[in-house]
Amino acid sequence: MLRRKVLRDMKENKGAYAACMVVIIIGLTIFTSFSVVIDNLTLAQKNFYRDQNFANGFAEVRLMPYREVEKLKQIPGIKDIQGRMVEDVRVLTPDGESDVYLRLVSVDPLKENPINGVHLTEGVPLKNGAMEIWVDSKFFAANNLKLNHEIEIIAEGRKRSLRVVGAGQSPEFIYAMRDSSDIYPDPEKFGIAYIPLQSMQAIFSHQNTVNSIIFTLQPGAAYSSVEQELEPKLKKFGLENLYPRKDQTSDLLLTGELKGIQAMSTSIPVLFLSVAGAILYIMLRRMVEQQRGQIGILKALGYTNKEILLHYMTYPLACGLVGGIVGGLGGTALSFPLASLYGLFFNMPGLQGSFSPWYFLECILLSLVFSAFAGYQGCKRSLSLHPAEAMRPPAPPSTNKTLLEKAVLFWNILTVQGRMAVRNIFRNPGRTFFVFFGVAFAFSLGGMTWTFKDISEQMLYDQYEKIEKYSAKVFLSAPKDARQASSELGRFPGVKRAEPMAEIPLTLKNQWREKNVVLLGIPKDSILYNIMDKDYKSVPPPEDGILISERLADLLGARPGTTLSLESPLMQDPEQEKTVRVSGVIPQHLGLNAYMELEAAQALIDNGRFATIVMLKMDEENIPALQEAYNSSGAVSGIVNRTEMLNKTREMMGSLISSVFIFALFAILIGFAVIYNSSIITLSERSRELASMMVLGMTPAEVLSVITFEQWFIGGFAMVAGIPLTKLLLVAMAESINSDLYTMPTTMSLMAVCTAFIITVTSIWIAQRLAGKKIRNLSLVEVLKSRE
Amino acid sequence: MASPHTPIITCRNISKIYLMGEVEVTALRDVSLDIFEGELVVILGPSGSGKSTLLNIVGGMDTPTKGELFYRDKPLHLADQNELTYYRRNAVGFVFQFYNLMPNLTAYENISLSVQIAESPLSVEETLEKVGLSQRADHFPSQLSGGEQQRIALARAVAKNPDLLLCDEPTGALDLQTGIQVLKLLRDFCESYGKTVLIITHNSEIAKMADRIFYLRDGRLSRIETNENPVPPERVTW
């Protein structure tokens, strides 16, 4: 019998229960889909690293004889070590596109279980000495390549033809980016090609030398102790960079992404379940109050407290069960497209959605626990009533004056409906808090949505519109005399200004803290590279001291005035340790850099007046000619066109906007669920009052205004509280995703506040319209006939 | 029936049929009557006779299934919900057995609630004084006795200055003394303001104070009685 009562009660309030279930479902869909994907990514990463023998350490040197590498095997802790050649080359495409590059990575076709082995997805083994390559599968697909296709490249100024005999994936290039100025992989323009070492050496006329070293560690060996042994041995070969796996770009990004979605997969579902829990609590509490007489009768009939509690717990548990099952199934379904989406960015095998019985079960359990807890809190009062007491009407509500009534001026401007609303707000603190919390949460979701869009734009546009103001950036393949390089490029037709710049790899140390970064040496009168402080004011590159990014300052525990010690492989004597004073700290969203005036940087390194980059201000139409002229020369390793970079960025922003809409939809749903439920509860609780008002001759709109006034009143304060709440969530999110590659700003723009406001107001408005419909359908006769 | 008065409410062959699941329940059958301006009318009948249904239809809270209903010359049986709302707002005042006051508004505010929507309302103070509760203006319903609550409900209905006051068992929840106080007020409203009062009750004693009595039985109007000498409310007893 009681089960039938549950069904009928739920049917009567189907809207409210449905809204609550939708909130649970969204939360759990996010939980399940992301959990499955995290597990999948983690497992795929782990298997891929293990199967392909992914290196534990990486070193870049200028040139090192191949036979020297073998000797390094003696270092305790090293399991295996390999030397190889890594060089970027330009691809000559049939349609004449000038900015397609391949990174040639030499491999030893004869070696068994090589470090960073390539997982061949199609094709045949490489033959030593043959001009054959395997290309990474993303590049292969993006450029519609076929096996035995010939690719023409320019290496050291000479055209070479390479035959594609296979496509594959490597753990080193799961997330393949050309350099630090790239933001995401662009497999059409940049890919990896694996080539036999002998063939590579033939192309680059570096017989028996290597410029990159990779090594694996013995089980239990510490990277740091191997590094200490290895570093001095490599320095004499021009060590440029020595870093562990965790600092390798692809691993860093993959790990960072995993960390980010891990944080999201736990925090967002908890927030959604909390909102659903609050809705259930309020609904149950109200139901127990409303069915007080029925509880009394059940008790009088001899039902035990346990039976009655179980009856009332059926409502939240039913919600939780349905929410859990649908959320679990929805999440499983969503994990497939989500995994494919990650597959677009991460190039590794084994990425796919899956049905995980464990998460499905966990999802249902989580949902049941939240619902049961909220439900129990809501209905435990039913237990404490004695049957006779329960059958009597409840004591009238408190008639104490509310706080606001003492503010006579404010009180007098309120209409009678307004006064009713204000008294209700104060007499139902639990419900007021629920609406407050729900609206603030919806506002924050809306605010975060827009802020994400803002932040991404800010991160990218600040970099390519405000900071880097050149038309083209020419990367030199080796450090060259700054003046000579810039004056040569400055003479190219259409070039209006040429500025040299030096990228210098550095190890900065502050006591026990140290960090490998790139120091940018920028000319003091530069107008093509504009360093900015947090107020967007230009900061000249310091001639005395060094400017560092905020995140770098945090990592090093440095402040303006701190003296840092530094080492660089580019120094005349790489062993020599110098010191430099921090002259200032500036915000930097993309990358992790330090800045100095070019000549000061050159003086610090004491290795001549070199530059590694020339920035050019020039006519757009001359850039293709520039690329044509210099890309084939061995002196230039690449040319970046800023407009093209910006366009690519904009294209990517377009796809980001769609994900922003999903969050906005979540915000609307939450706001809607909270307001709709609060309206439904108010309606059921005060139907008599509202019907009386209609009998007095008030229109449904006038009656609705009593409820809406209450909601707008609380909602107004909640939206204001939503601003710091958004900020708090942003800071928490930034802490979880910040890395050496990007630092997320946490400022919320006026536009974000406005958007959040519009989203929240819209969801409240929609919910109120639906509640208004219920008022119009209120049966005056029925409501007023009954005794209070 | 010849009358010197103008009808304020005209019912012609009013029927009301409710669908209770698959069963049709006829609450009113072919009821025809006129209610004239300025008279105090009592509809008398046992419970289930259809009196509340009739009151609800006359008050614009419900619509007839068949028949015609006019407020003056306005056909209420053709009115939509919006028109009925404005009819209730401007022409009708309701008093219920269980008061139906807003629990979180004071006595004064409960009356203001109806004053603020009416076209030509009386003053809140005046009506409060009329029902003798000026000193209780700042009290909430829960701080008032049943009789006081009903007097506030009455003041709330009267304050709109409606042409027609409809009372559904107004003394049903009150003791004799308090009930008489309320009846006196109803008679007074009828006489001093020249308004029409319609009371439904199952209490035949109350009918003695009416100008005319409509007897309802099984949804039919069984008899109309004109009371040449209505008893003053003070002399009503039960």
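Residues numbered from 1 in each chain as written. Chains lettered and ligands numbered in written order. Predicted model: local features only at pLDDT ≥ 70, side-chain atom pairs only at ≥ 80, totals over all residues.

1. What to know about the overall build of chain A
- Each helix and strand in chain A was counted, giving 24 helices and 20 strands.
- If you line up chain A on its principal axes, its C-alpha atoms span 100 × 55 × 55 Å.
- For chain A, the proportion of its 788 residues judged to be buried stands at 45%.
- Of all intrachain contacts in chain A linking residues separated by at least 6 positions in sequence, the fraction that spans at least 24 positions is 83%. (Helix = DSSP H or I, 4+ residues; strand = E, 2+ residues; numbered from the N terminus. Buried ≥ 20, exposed ≤ 12 C-beta atoms within 10 Å, placed from the backbone. Contact = placed C-beta atoms within 7 Å.)

2. Brief notes about the overall build of chain B
- When its secondary structure is counted, chain B shows 7 helices and 10 strands.
- Against the globule reference of 18 Å for 238 residues, chain B gives a C-alpha radius of gyration of 17 Å, in line with a compact fold.
- With respect to the principal axes defined by its C-alpha atoms, chain B has extents near 45 × 40 × 40 Å.
- Per-residue burial for chain B yields a buried fraction of 49% across its 238 residues.
- Relative to all contacts within chain B whose residues are 6 or more apart in sequence, the contacts with residues 24 or more apart total 71%. (Rg over C-alpha atoms; globule rule 2.2 N^0.38 Å.)

3. Section: the environment of B:Gly146
- Here B:Gly146 is to be found in helix α5 (residues 146–159).
- A C-alpha to C-alpha distance of 24 Å links B:Gly146 and B:Val41, two positions 105 residues apart in sequence.

4. As for the sheet that holds strand β5 (residues 74–75) of chain B
Residues and elements named next belong to chain B.
- In spatial order, the strands read β2-β1-β4-β5; together these 4 strands make up an open sheet with antiparallel pairing. With partners counted over all chains shown, the strands left at the sheet margins are β2 (23–36) and β5, one partner each.
- Note that strand β1 (residues 7–20) and strand β4 (residues 66–71) share 5 bridges and pair antiparallel. Residue Ile9 lies in a different strand from β4, and its bridge partner there is Tyr71. (Pairing = 2+ DSSP bridges.)

5. Section: the sheet that holds strand β6 (residues 92–95) of chain B
Residue and element names in this part refer to chain B.
- Read from one edge of the open sheet, 6 strands run β6-β7-β8-β3-β9-β10, paired in mixed fashion. Because the sheet does not close on itself, it has two edges, and the strands there are β6 and β10 (220–226). Pairs of neighbouring strands in the sheet enclose a mean axial angle of 20°, with direction left out of account.
- Pairing geometry for strand β3 (residues 40–44) and strand β9 (residues 212–217), over 4 bridges, is parallel. Following the sheet pairing, Leu44 is matched in β9 by Tyr215.
- Sitting on the sheet, helix α6 (residues 176–193) touches β3, β7 (164–168) and β8 (196–201), and the angle it makes with β8 is about 155°. (Axes fitted to C-alpha atoms, helices over the stretch in contact; angles between N-to-C directions.)

6. Comments concerning the domain arrangement of chain A
- Here chain A is described as being made up of domain 1 (1–54 + 248–395), domain 2 (55–247), domain 3 (428–467 + 645–788) and domain 4 (472–618).
- Each of domain 2 of chain A and domain 3 of chain A has a C-alpha centre, and the two are 51 Å apart. (Domains from an automatic or database assignment.)

7. Brief notes about the pairing of strand β17 (residues 578–586) of chain A
All names here are of chain A.
- As paired strands, strand β15 (residues 546–549) and β17 are joined by 4 bridges and run parallel to one another. Paired with Ser549 across the bridge in β17 is Ile586.
- When strand β16 (residues 563–567) meets β17, the two strands line up antiparallel, connected through 4 bridges. Directly across from Leu564, in β17, lies its bridge partner Val580.

8. Things to note about the interface of chain B and chain A
- Contact residues are listed per partner, giving 24 residues for chain B and 23 residues for chain A.
- Considered class by class, the residues forming the side of chain B that touches chain A number 10 nonpolar, 10 polar and 4 charged. (Nonpolar A, V, L, I, M, F, W, Y, C, P; charged D, E, K, R; others polar.)

9. Overview of helix α5 (residues 197–204) of chain A
All names here are of chain A.
- Along α5, the positions that sit buried rather than exposed are Leu197, Ser199, Met200 and Ile203. Taken around the axis of α5, the buried residues stretch over an arc of 160°, which confines them to a single face.
- Elements that come into contact with the buried residues of α5 comprise β2 (78–84), β4 (101–107), β7 (150–155), β8 (158–169) and β9 (190–196).
- Looking one or two residues past α5, Ser205 carries a phi angle of roughly 45°, positive in sign. (Arc of directions from axis to C-beta.)

10. A word on the nonpolar core
- Ranked by internal contacts, the top residues of the largest apolar core, which has 235 residues, are A:Cys20, A:Val23, A:Ile279, A:Ile670 and B:Leu198.
- A per-element tally of this core places helix α2 (residues 14–51) of chain A first, with 18 residues.
- Discounting chain neighbours no more than four positions away, the residues touching B:Leu198 are B:Ile35, B:Val41, B:Ile43, B:Leu55, B:Val58, B:Leu164, B:Leu166 and B:Cys167.
- Of all hydrophobic cores here, the second largest spans 54 residues; its members include A:Ala472, A:Ala482, A:Leu508 and A:Ile639. (Core = buried A, V, L, I, M, F, W, Y, C linked by C-beta atoms within 7 Å.)

11. Considering the pairing of β1(B)
Residues and elements named next belong to chain B.
- Bridge count between β1 and β2: 10 bridges; the pairing is antiparallel. Paired with Ile9 across the two strands is Ile35, which belongs to β2.
- Linking two consecutive strands that pair antiparallel, namely β1 and β2, is a turn of 2 residues; a positive phi of about 70° is found at Gly21 within it.

12. Topic: unusual backbone geometry
Residues and elements named next belong to chain A.
- Phi at Asn116 takes a positive value of approximately 55°, unusual for a residue other than glycine.
- Note on placement: Asn116 falls in the loop between β4 and β5 (119–123).
- Taking the number of C-beta atoms within 10 Å as the measure of exposure, Asn116 has 21 and is therefore buried.

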